[in-house]
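# Secondary and tertiary structure notes
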Amino acid sequence: MSPLPLLLRTLAMLMFAASVAAADPNETCLACHADKDAKGSSGASIAVDTGKFAKSVHGEAKLACTACHADVSPKTIPHPEKLKPVDCGTCHDKPVAEYKATVHGVARKGGSQAAATCVDCHGKHDIQRNKDPSSRTHHDNLEATCATCHAKESMKGQAKMPGGAVASQFHDSIHGKALAGAARSAAPTCTNCHGAHDIRAKDDDKSRVNRAKVPDTCGSCHTKQRQQYAGGKHGKVRQEGNLGSPGCTDCHSAHGIQAPNTPAFRAKVMAECGTCHANYMETYRETFHGQVTNLGYTSVATCASCHGAHDIRPASDPASMVSPQNRPATCMKCHQGATVSFAGWDPHANKHDAARNPVYFYMALFMKWLLIGVFSFFGLHTVLWLYRSLRAMKGEAR
Amino acid sequence: MRYYRRFSAAQRVLHVFMMLSFTGLALSGLPLIFADQPWARGLARLLGGFESAGIIHRICAVVMIIVFGGHVLHMAYRAIFKRDWKRLLWGPDSMVPQPQDAFDMWNHIKWFIGKGPRPTFDRWTYWEKFDYWAVFWGMFIIGGSGLLLWFPVFFAHFLPGWMFNVATLVHGEEALLAVGFIFTIHFFNGHFRPEKFPMDTVIFTGRIPEEELKHERAPQYARMAREGTLAAYEAPPPTMESKAFGWFVGGGTLVLGLVTAVLIVYSVIR
């Protein structure tokens, strides 16, 4: 392009701008930026969709372009090509101040170019109110908005995402499925657990998903379970300050939460119990229940069938499902007609504990030596026989 | 070649049902004992899941109990109505261990280690008697504990709860003993030892060749000749059908049992 037409164009633009400047400052800007094909010197589009802007929350308020692009004045057109980033905090001082402490804000401050800023979630010229169903930050759309980054495996390299690309896990979870269903307005989306302008890393004490806070975060919807949990042993150990005690996500996971009655979940949660209660898992595996579940079938009693889920209490607690008083009733959930004597069966009988299970202990010892005895004697008997028979046959052949 | 009758038709039929129900019980029960092994999970799936494996297990259990009951009733009939109890309880035709069995075993082992001539045996050898009584013992221990575990609510009316812990333990351990024994030691003694390899069909045909009777069971042959009963026990050669049945059904069970034994040994060693 020769310099002359550019000069002419600039001149025409200046004249046009001067003529309309007094009426509406945005018209000056739109003289160039309304052109769909308008491009900067780098070739990137500088077009602004006026229709979308007019319907946006800022357009409805008839905000001047310069309200956000504060370093541009209609009086100095053309403006320098490189402008300062828009500072939303000029008006939205509180959320922006909050943002700075979020996991995204901290990452940005640390030099990350990947961490989300205001525009990544809210948009630019087309920002809508949260209540507007077309808004990126509307309840129904948040999953997709967060997924623009959190569904990308490639993002893991650019940003510290401890859970990885969790969007698909969430989408297939019970919460994700509910979000796709009719009751979506009641289903939690990302921000219900993580917050919006207060999203913090889970190792941050103030984070809603901090280990100590998770029961309260989940409990904001699951109030009954939260109460039961507080009364159970795991909840009580938590209250004593021991965060090693399992919270909601230890059994249910965080993003991939499944319906609790599925076989897959029942099998998985049992393995979770075993990570701490390894000795009980070992004795459970010796029972019929434990053998069947180990084969991958969960139609028999798992840990939770007898111990409960949220309000697991020690057997010494009369309210416990496995207290001596309640044990027959617990057995009866599956075994109709179970008696006190029936409930005297030990679901965690230990072969090595003569005090707890004397007969079992001595029978295990007896069986062990019976097997060793029989197989040793007949094993040797067979080997010797085979050797002698082969030698005898060889001799006959000769 | 002349043949003599070693097993009656009833005994052969009982053995076939015993063999089939035993194998069925083993295959449907072992997945529980080896639940942490991939092959156990595969086998459980093959049987249609643990519920259907449980049904197969119970059907086979009922068959085996009928076999056992049938044998006991037959013995009782022989003892009471045929007044044959003397021959059942003592002597070379009895399954009851005799002093001769101790000598037989001693001489057999002496032969194993090259310190004596190869012994021959009468109608029932000491290892055959061991197999027989092992089944009796197993029927009471495994069958009894199995019934306890099948109907726990009923039995809990008169048994303490810890009996079910013990029942689970002995049911599994005894089963392991029985399966391990039958699928290795019994298979070797009866079929795989060089003189019989790959299998002895006598339990299916019921007939033993004269040569074998003379060689391996010389005392029996001599005794029968002395008593003049040889002619009474002489039988036509085994039919093609009974031989084919032995080869296919018996042989098939041998292969199945041997594979199972290998899996068990592999799982125990691992």
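Everything numeric in this text was worked out from a predicted model, so none of it was measured.

Cut-offs used in this document
- Residues numbered from 1 in each chain as written.
- Chains lettered and ligands numbered in written order.
- Predicted model: local features only at pLDDT ≥ 70, side-chain atom pairs only at ≥ 80, totals over all residues.
- Helix = DSSP H or I, 4+ residues; strand = E, 2+ residues; numbered from the N terminus.
- Rg over C-alpha atoms; globule rule 2.2 N^0.38 Å.
- Buried ≥ 20, exposed ≤ 12 C-beta atoms within 10 Å, placed from the backbone.
- Contact = placed C-beta atoms within 7 Å.
- Core = buried A, V, L, I, M, F, W, Y, C linked by C-beta atoms within 7 Å.
- Axes fitted to C-alpha atoms, helices over the stretch in contact; angles between N-to-C directions.
- Parallel < 35°, antiparallel > 145°, perpendicular 65-115°, else oblique.
- Left-handed = near helix turned anticlockwise from the far one by under 90°.
- Nonpolar A, V, L, I, M, F, W, Y, C, P; charged D, E, K, R; others polar.
- Pairing = 2+ DSSP bridges.
- Domains from an automatic or database assignment.
- pLDDT = per-residue confidence, 0-100.

## Section: the overall build of chain A
Looking only at helices and strands, one finds 23 helices and zero strands in chain A. Scaling as 2.2 N^0.38, a compact globule of 398 residues should have a C-alpha radius of gyration of about 21 Å, whereas chain A reaches 35 Å, well beyond that. Taken across its 398 residues, chain A has 26% of its residues classed as buried. Sequence-distant contacts in chain A: of pairs separated by 6 or more residues, those separated by 24 or more amount to 44%.

## Notes on the overall build of chain B
Counting its secondary structure elements, chain B contains 13 helices and three strands. The C-alpha radius of gyration computed for chain B amounts to 20 Å, which stays within 12% of the reference 18 Å derived for 270 residues, consistent with globular compactness. For chain B, the C-alpha atoms occupy an extent of roughly 60 × 40 × 40 Å along the three principal directions. Burial analysis of chain B (270 residues in total) assigns 30% to the buried set.

## So, the nonpolar core
One finds Leu295 of chain A together with Ala178 and Val179 of chain B to be the most contacted residues of the largest nonpolar core, which totals 30 residues. The set of elements that each furnish at least two residues to this core consists of α1 (9-33), α2 (38-46), α3 (49-80) and α8 (162-192) of chain B. Ala364 and Met367 of chain A together with Met163 and Phe164 of chain B belong to the second largest nonpolar core, which has 17 residues in total.

## Some details on the packing of α8 of chain B against helix α13 (residues 240-269) of chain B
All names here are of chain B. Taken N-terminus to C-terminus, the directions of α8 and α13 make an angle of 130°; their axes are 9 Å apart at the nearest point. Taken as axis vectors, α8 and α13 run oblique relative to one another. Seen along the crossing, α8 lies across α13 with a hand that is left-handed. For the pair α8 and α13, contact is made by Val179, Gly180, Ile182, Phe183, Thr184, Phe187 and His191 and by Leu254, Gly257, Leu258, Thr260, Ala261 and Ile264, respectively.

## Considerations on the interface of chain A and chain B
Listed as interface residues are 39 residues of chain A and, on the opposing side, 36 residues of chain B. Listed by contribution, the elements that provide at least two residues to the side of chain A that touches chain B are α20 (288-294) and α23 (358-397) of chain A. With 19 residues, α23 of chain A is the single largest residue contributor to the side of chain A that touches chain B. Residues that form the side of chain A that touches chain B fall into these classes: 25 nonpolar, 12 polar and two charged.

## Observations concerning the sheet that holds strand β2 (residues 207-209) of chain B
All names here are of chain B. Across the sheet, which stays open at both edges, the three strands sit in the order β2-β1-β3 with antiparallel pairing between neighbours. Whereas interior strands pair on both sides, the edge strands pair on one side only; in this sheet they are β2 and β3 (234-235). Pairing of strand β1 (residues 3-5) with β3 involves two bridges; the strand directions are antiparallel. Residue pairing for β3: Tyr3 is matched across the bridge by Ala235.

## Section: the domain arrangement of chain A
Taken domain by domain, chain A comprises domain 1 (3-84), domain 2 (92-151 + 168-221), domain 3 (258-348) and domain 4 (362-398). Centre-to-centre, using C-alpha coordinates, domain 2 of chain A lies 38 Å away from domain 3 of chain A.

## Concerning unusual backbone geometry
The peptide bond linking Phe197 of chain B to Pro198 of chain B adopts the cis configuration, its omega dihedral lying at -5°. If you trace the backbone, Pro198 of chain B turns up in the loop between α8 and α9 (202-205).

## A few points about the environment of Ala114 of chain A
Residue and element names in this part refer to chain A. One can find Ala114 in the loop between α7 (103-109) and α8 (118-122). For the pair Ala114 and Gly157, spaced 43 residues apart in sequence, the C-alpha to C-alpha distance is 9.9 Å. Not counting the four nearest positions on each side in its chain, Ala114 is found in contact with Met155, Gln158 and Ala159.

## Re the environment of Phe378 of chain A
Of note, Phe378 of chain A is situated in helix α23. Among the residues examined, Phe378 of chain A registers 20 C-beta atoms within 10 Å and is labelled buried.

## Focus on the packing of helix α6 (residues 126-150) of chain B against α8 of chain B
Residue and element names in this part refer to chain B. It is the contact of α6 with α8, at a shortest axis distance of 9 Å, that shows an interaxial angle of 150°. Accordingly, the angle class assigned to the pair α6 and α8 is roughly antiparallel. Between α6 and α8 lies a crossing of left-handed hand. Residues Trp127, Asp131, Ala134, Gly138, Ile141, Ile142, Ser145, Gly146, Leu148 and Leu149 of α6 pack against Met163, Phe164, Ala167, Thr168, Val170, His171, Glu174, Ala175, Ala178, Phe181, His186 and Asn189 of α8. In terms of residue class, the contact of α6 with α8 is built from 13 nonpolar, seven polar and two charged.

## Concerning the confidence of the model for chain B
Per-residue pLDDT for chain B averages 95, and the proportion of residues at 70 or more is 100%. This prediction of the complex comes with two scores: 0.83 for pTM and 0.95 for ipTM.

## Looking at the environment of Gln239 of chain A
Residue and element names in this part refer to chain A. The topology assignment puts Gln239 in helix α16 (residues 233-239). For Gln239, a count of 9 C-beta atoms within 10 Å gives the class exposed. In sequence terms Gln239 and His252 are 13 residues apart; their C-alpha atoms lie 20 Å from each other.

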